[in-house]
Amino acid sequence: MTGSTTAHRALPTARTWPVLGCLPELIRRNDAFWADAHRTHGDLYRLDLGVTDLVALGHPRHAQHVLLENADNYADKGGPTGFRATLLPLTGQGLSTIDVEDAHWKRRRDLIGPAFRHAALKSMTDHMARVVDDHTSSWPATGTGTARHDVVPYVTTAVTAALAELLYGAAVTGPEIRRIARAFDQIMNYMWIGMLASAVPPWMPFPGRGRQRRAIADIERTVLDVLARRSPAHPAREQGGADPDRPEGGLLDIMTAAERELDAAGVRDEAVSLLLGAEPLAISVSWALHLLARSPEAQRAAREEVDRALGGRRPSFEDLAALPYVRMVFKEALRLCPPTYWVQRRAARDDVIDGVPVPAGTNVVVLIHRIHLHPGVWERPDHFDPGRFAPERSADRHRQAWIPFGSGRRGCVAREFSLTLGQLILTRALQRYAFAPHPGRTPALTVAANLRPREGVWLTVRRRTTP
Ligand code: HEM
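Residues numbered from 1 in each chain as written. Predicted model: local features only at pLDDT ≥ 70, side-chain atom pairs only at ≥ 80, totals over all residues. Heavy atoms only, no water.

**Here's the deal with the coordination of the iron atom of the ligand**
- On the protein, Cys412 (SG) is the one donor atom to the iron atom of the ligand, at 2.3 Å.
- Topologically, Cys412 is positioned in the loop between α18 (391–394) and α19 (415–432). (Donors = N, O, S within 2.8 Å, 3.2 Å for Na, K, Ca; no water. Helix = DSSP H or I, 4+ residues; strand = E, 2+ residues; numbered from the N terminus.)

**Some words on the pattern of salt bridges**
- All told, the structure shown has 23 salt bridges when counted by the stated rule.
- Residue Arg346 pairs with Asp76 through a salt bridge whose shortest N-O separation is 3.4 Å. With Arg346 in strand β5 (residues 342–346) and Asp76 in the loop between α3 (60–69) and α4 (88–91), the pair connects residues that are 270 residues apart, well separated along the chain.
- By relative accessible area, Arg346 is classed as partly exposed at 25%. (Salt bridge = Lys/Arg side-chain N within 4 Å of Asp/Glu carboxyl O. Buried < 20%, exposed > 50% of the residue type's maximum accessible area, 1.4 Å probe, protein only.)

**Digging into the nonpolar core**
- Ranked by internal contacts, the top residues of the largest apolar core, which has 123 residues, are Trp34, Phe116, Tyr168 and Phe417.
- Discounting chain neighbours no more than four positions away, the residues touching Phe116 are Leu121, Leu166, Leu167, Leu251, Val413, Ala414, Glu416 and Phe417.
- Core analysis: the second largest hydrophobic core is formed by 17 residues, Ala63, Val66, Val356 and Ile403 among them. (Core = buried A, V, L, I, M, F, W, Y, C linked by side-chain atoms within 4.5 Å. Contact = heavy atoms within 4.5 Å.)

**Concerning the packing of helix α15 (residues 296–310) against α19**
- Between α15 and α19, the shortest axis-to-axis distance is 9 Å and the interhelical angle comes to 95°. One finds that α15 runs roughly perpendicular with respect to α19. Only Thr427, Leu430 and Gln431 of α19 make contact with α15, whose side of the interface consists of Gln299, Ala302, Arg303, Val306 and Leu310.
- Here the residues of the contact of α15 with α19 sort into four nonpolar, three polar and one charged. (Axes fitted to C-alpha atoms, helices over the stretch in contact; angles between N-to-C directions. Parallel < 35°, antiparallel > 145°, perpendicular 65-115°, else oblique. Nonpolar A, V, L, I, M, F, W, Y, C, P; charged D, E, K, R; others polar.)

**Re the site of the ligand**
- Every one of the 26 residues lining the ligand counts as a neighbour, but Trp105, Arg109, Arg345, Arg410 and Cys412 are closest to it.
- Side-chain polar atom of Arg109 to an oxygen atom of the ligand: 2.8 Å apart, as the coordinates give it.
- The contact in question runs from an oxygen atom of the ligand to an N or O atom on the side chain of Arg410, over 2.6 Å.
- Counting residues per element, the ones that place at least two in the shell around the ligand are α5 (103–112), α14 (278–293) and β5.
- With three residues, the single largest contributor to the shell around the ligand is α14. (Near = heavy atom within 4 Å. Polar contact = N/O pair within 3.5 Å; in protein donor to acceptor, adjacent residues only side chain to side chain.)

**Concerning the packing of aromatic side chains**
- The final tally for this structure, using the stated rule, is eleven aromatic pairs.
- Their ring planes at 50° and their centres at 6.0 Å tell us that Trp378 and Phe389 sit as a pair that is tilted. Placement of Trp378 in the loop between α17 (368–372) and α18 and of Phe389 in the loop between α17 and α18 is noted, with a sequence separation of eleven residues between them.
- Site record: aromatic cluster; members linked through ring pairs are Phe33, Trp34, Tyr341 and Trp342.
- Sitting over the ring of Trp458, Arg441 keeps its end group 3.9 Å from the ring centre. (Phe/Tyr/Trp six-rings, centres within 6.5 Å; stacked < 30°, edge-to-face > 60°. Lys NZ or Arg CZ within 6 Å of the ring centre and 35° of its normal.)

**Considering helix α2 (residues 31–41)**
- Taken as a whole, α2 has its buried residues at Phe33, Trp34, Ala35, Ala37 and His38.
- Phi for Gly42, located one or two positions after α2, is positive at around 90°.

**Observations regarding the sheet that holds strand β9 (residues 433–437)**
- What the three strands build is an open sheet, ordered β4-β12-β9; its pairing is antiparallel. Pairing within the sheet leaves two strands with one partner each, and these edge strands are β4 (146–150) and β9. Each neighbouring strand pair of the sheet contributes to a mean axis angle of 35°, computed without reference to strand direction.
- The strands that α14 touches are β9 and β12 (458–463); relative to β9, the one it contacts most, it runs at about 75°. (Pairing = 2+ DSSP bridges.)

Keep in mind these values describe shape, not function.
The following block contains the structure:
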């Protein structure tokens, strides 16, 4: 795709206002803005956001170029600019936000990666299934009757509990999970305002800035409280009060033992930034339930599969292979609602993408959601159709057409873990409940730091009496 000898074309620019660029329009119109920008400017355009300038990339071949083929030129995530401005104070120097691929990043990745790979997954799945079991057994759905509620907090609780045990080797309490979820909510929704705030010195008052700082402090305090409970000096451990089913220690223990440089600040950054993975996972599982609620046919197919494979029993790692349709439902939910809507990189050297010059220092964003809805790649892109992930229908698709976990060297370290945990929660939920729309409350997505439901995912939930 590079080549300085070919004729270059000019880059169309999405810009509305002289100083703020598209930012006000983006804040006002949200997801509709992106769809229109794509229709007007095509797959590749310059996005003027006033405080920052980006090149937006919306075709799978752009992802292939930036994240794979020419990844050496895009090893830098772009510092505290653009979409990253509001998240960095929360995540510090955690693996996901380490800016440049260097020896430090590689060492951290090599330490964290194996904990999420297949062999580790196999041993942790049964434990995760038990945690999921506890946290999906009592969603509001009275007896054989129904209840109408937002499923996001319930899914978030199951995801956060399972993830915290894996990371910290310690249980989080209900109030802690609710505090973390509230704080994540504030932080995610602050993104656009946070971008504006990034242009104003930190000591100057700016709307929402105080709330944002308090939310970050809340998460940090809660995580440190949980970590303190796993300390050998903590009374709960000294009294042998640990749950015999719970794996000793957690990923953080392994990391602290292996990497001496992981001091208190390093532990804090990694503990917080890995926990942030709970948010996209909870969003995508909740969105899958919404899609199933609106597609009785898909819900029936998924339920028949789980009943056939499991009856009413809890799934084990070996069972997951017998639940391919549930997996496809989750993948389709991640296509329609990829919580990590974009990934950002900075060009180290001059480059050319699709005939457009991209000078050194340019920040580019790969727009995952636009790629997932690209009409040239997907048939009926807006339509919920889990069967499109069947092997026979996927063979000819561009390899970068579905990238909810990113791609290449900085791709999500927890991809397999997330697919497994999502599959487990959906399976258990389908065994226990039937889902239907909530009359008068149609869930909608909003583009914040993640792509996420605007006001929750309200559904009608009926407890099943069989199998
Ligand atoms: C459905 C759930 C998830 C989605 C959609 C998702 C998405 C992504 C994406 C798109 C990236 C690439 C970012 C980039 O290229 O700049 C990424 C990286 C990462 N994710 Fe996830 N993620 C999910 C769950 C998780 C979970 C549960 C964890 C932690 C336990 C996690 C930890 C990470 C880390 C540490 C990285 C950075 C890897 C590196 O830079 O080397 N993610 N994720």
